[in-house]
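# Report on the structure
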Amino acid sequence: DGILIENDANLLIEGNAIRNVWDCGIERLGKRTDPVTIRNNDITNAADCGIGGWFSAGWRDAVIVNNTVTNSGSFAHIYFSATQNKGVDRITFRNNVFENNRFQYPSSMGAPSVNIDYVTATARMPVDIGNNIFRNNDFGSDIPAPRLAPAGGFVDGGDNICRQETKSALACVR
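Residues numbered from 1 in each chain as written. Predicted model: local features only at pLDDT ≥ 70, side-chain atom pairs only at ≥ 80, totals over all residues. Heavy atoms only, no water.

A word on the sheet that holds strand β2 (residues 11-14). Ordered by their spatial adjacency, 6 strands build an open sheet running β2-β5-β9-β13-β17-β19, and the pairing between neighbours is parallel. Both edges of this open sheet fall to β2 and β19 (154-158), since each of them pairs with a single strand only. Pairwise comparison of adjacent strand axes, ignoring direction, gives a mean angle of 10° for this sheet. Bridging between strand β17 (residues 132-135) and β19 involves 4 bridges; their strand directions are parallel. Across the sheet, residue Phe 134 finds its bridge partner in β19, namely Asp 156. (Pairing = 2+ DSSP bridges. Helix = DSSP H or I, 4+ residues; strand = E, 2+ residues; numbered from the N terminus. Axes fitted to C-alpha atoms, helices over the stretch in contact; angles between N-to-C directions.)

Written out as structure tokens, the structure reads:
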């Protein structure tokens, strides 16, 4: 990872050039879900994703804005790994804003540009997921659309560029 958010609160991660990392440019882990602002970062050659987290209890009130991810597996890959998160007893993914971000030259043409999945591994755990806004992002129109699950936890704020698919929670403009 380029930058690791581990049980930190009220962080500002801004203006970084993150290059050639395994697995994500910026990754969250731990039991806290305190607000974080991730803005104006340039992430290139991150093997899995630009922004990610699967060793965490989730995200709350995060602002992810004006970031560019290039030549990486996806813009964002966020989910819960039950086998690796002992002690986490609930998941929160609420009131997060993804705005004016760009994902270009993906390293994998078959993976979704964004994969946020709090359905698959959280069946036996309380979840609080809602009001996560995606607005004016360019995720590319030639790769699978963002996978956002559960779809009811996400708000399409409009003007997102991505490949339109019936399963996506976003109405893509291109």
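From this point, things continue past the structure.
So, about the state of the cysteines. A full pass over the atoms with the stated rule returns 2 disulfides. Paired by a disulfide, Cys 162 and Cys 172 hold their sulfur atoms 1.9 Å apart. Measuring handedness by torsion sign, the sulfur bridge of Cys 162 and Cys 172 sits at about -80° and is left-handed. Here Cys 162 is found in the segment after β19, whereas its partner Cys 172 is found in the segment after β19, with 10 residues between them in sequence. The exposure class of Cys 172 is buried, given its relative accessible area of 14%. Looking at the protein, its bonded cysteines, counted consecutively from the start of the sequence, adopt the pairing 1-2, 3-4. (Disulfide = S-S within 2.5 Å. Buried < 20%, exposed > 50% of the residue type's maximum accessible area, 1.4 Å probe, protein only.)

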